[in-house]
Amino acid sequence: MIADVLTDTGTRMDRAVEAAKEDFATVRTGRANPQMFQKVMVDYYGSPTPLAQLASLNNPEARTIIVTPYDKSALKAIEQAIRDMPNLGANPTNDGNIVRITMPELTQERRKEYVKLVRSKGEDAKVHVRGIRRKSKDDLDALKSEVGEDELTRAEKELDAITRAHVDAIDEALKRKETELLEV
């Protein structure tokens, strides 16, 4: 039973770390990256639809993204959704077939704002991991009557090690993203 709780905890924390990495990828750096547009939701016939389901994204140059919609009638909606996306600063242009997005050069001030944003996202991810730890600790405490004190103490130490490893993974991803953001 203890092993089940620890396995479940590890799996949930792995998902939290992956979600944090995906969240970091949506913050733009000096280069244009199709992952920045993962969270763009387009109003497609009245329902919010992820951009990746409506169009293909290509990166022909360092600061340019070309969005080729599968349905040409969605061009205006795609262009508007990209323009309305916060923290991108992108200005898409529509030529009737594709949407071309040229990312402006980042100023040092804007880079520092993005670093603050990424740190905030990293802290949120760590809070989520600690929440998973707290729930798992409660689950272990509920098993107290079925297993011995020694088993419970060992499981808690293992739980702390799992938590520390996942928090370190978030810190490492955060450090990489900060370096990427501050690189001119």
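Refer to the structure printed above.
One structure accompanies this document, and this report is about it. Note that the coordinates shown come from a computational prediction; the quantities given were computed from them, not determined experimentally. (Residues numbered from 1 in each chain as written. Predicted model: local features only at pLDDT ≥ 70, side-chain atom pairs only at ≥ 80, totals over all residues. Heavy atoms only, no water.)

Points about the sheet that holds strand 6 (residues 99-102)
Put simply, the rule is: Any two strands with at least two DSSP bridges between them are considered paired. The helix count covers DSSP runs of H or I at least four residues long, the strand count covers runs of E at least two residues long, and both are numbered beginning at the N terminus. Each axis is a line fitted through C-alpha atoms, and for a helix only the stretch in contact is used; angles between axes span 0 to 180 degrees, taken between their N-to-C directions. In what follows, a contact means two residues having at least one pair of non-hydrogen atoms within 4.5 Å.
Taken together, four strands build an open sheet; the order of strands is 3-4-6-5 and the sheet is antiparallel. At either end of the open sheet lies a strand with only one pairing partner, and these are strand 3 (55-61) and strand 5 (91-94). The mean angle between the axes of side-by-side strands here comes to 25°, regardless of whether they run parallel or antiparallel. Bridge count between strand 3 and strand 4 (residues 64-69): five bridges; the pairing is antiparallel. Within the sheet, the bridge partner assigned to Ser56 lies in strand 4 and is Thr68. The strands touched by helix 3 (residues 75-84) are strand 3, strand 4, strand 5 and strand 6; relative to strand 5, the strand with the most contacts, the crossing angle is about 170°.

Description of the packing of aromatic side chains
For clarity, the cut-off: In this analysis, rings of Phe, Tyr and Trp, with Trp reduced to its six-membered ring, are considered paired at centre separations within 6.5 Å, and the interplanar angle assigns stacked below 30 degrees, edge-to-face beyond 60, and tilted for intermediate values.
Under the defined criterion, the tally for this structure stands at one aromatic pair. Residues Tyr44 and Tyr45 carry aromatic rings whose centres are separated by 4.7 Å and whose planes lie at 65° to one another, so their mutual orientation is edge-to-face.

A word on the nonpolar core
Selection criterion: Here, nonpolar core refers to any group of buried Ala, Val, Leu, Ile, Met, Phe, Trp, Tyr and Cys residues whose side-chain atoms link them within 4.5 Å. Exposure is judged per residue with a 1.4 Å probe applied to protein chains only, and the accessible area is read against the type maximum: over 50% gives exposed, under 20% gives buried, and values in between give partly exposed.
One finds Phe37, Leu51, Val67, Ile78, Ile82, Ile101 and Met103 to be the most contacted residues of the largest nonpolar core, which totals 20 residues. When residues of this core are traced back to their parent elements, those giving at least two are helix 2 (51-54), strand 4, helix 3 and strand 6. Examining the composition of this core, we find that four residues originate from one element, helix 3, more than from any other. Setting aside residues up to four positions removed in sequence, Leu51 forms contacts with Phe37, Val40, Val42, Leu57, Val67, Ile78 and Ile82. Counting residues in hydrophobic clusters, the runner-up holds 18 residues, among them Met13, Leu143, Ile162 and Val167.

Points about the packing of helix 1 (residues 2-25) against helix 5 (residues 149-182)
Definition in use: We call two directions roughly parallel when the angle between them is under 35 degrees, roughly antiparallel when it is over 145, roughly perpendicular when it lies between 65 and 115, and oblique otherwise. Only Asp, Glu, Lys and Arg are considered charged in this grouping, and only Ala, Val, Leu, Ile, Met, Phe, Trp, Tyr, Cys and Pro are considered nonpolar; every other residue, Gly among them, is considered polar.
At a minimum axis distance of 10 Å, the contact between helix 1 and helix 5 shows a crossing angle of 10°. On the basis of their axis angle, the class for helix 1 and helix 5 is roughly parallel. Classifying every residue of the contact of helix 1 with helix 5 gives 13 nonpolar, four polar and seven charged.

Focus: unusual backbone geometry
Positive phi is not limited to glycine here, since Tyr45 has a value of about 50°. Note on placement: Tyr45 falls in the loop between strand 1 (41-44) and strand 2 (47-50). Of the residues examined, Tyr45 reaches a relative accessible area of 68% and is grouped as exposed.

Some thoughts on the pattern of salt bridges
Rules: The term salt bridge refers to a pairing of a side-chain nitrogen on Lys or Arg with a carboxyl oxygen on Asp or Glu at a separation within 4 Å.
Within the structure shown, the criterion is met by 18 salt bridges. Of the charged contacts in the structure, one is a salt bridge between Asp8 and Arg12, with a shortest N-O distance of 3.5 Å. Of this pair, Asp8 and Arg12 are both found in helix 1, four residues apart, which corresponds to roughly one turn of the helix. On the accessibility criterion, Arg12 (23% relative accessible area) is partly exposed. Here Glu123 ties to Lys126 by a salt bridge, and the two come within 4.0 Å at their closest N and O atoms. In this pair, Glu123 and Lys126 both sit in helix 4 (residues 108-142), three residues apart, roughly one turn of the helix. Here Glu123 falls in the partly exposed class, since its relative accessible area comes to 36%. Note on Lys126: relative accessible area 12%, which makes it buried.

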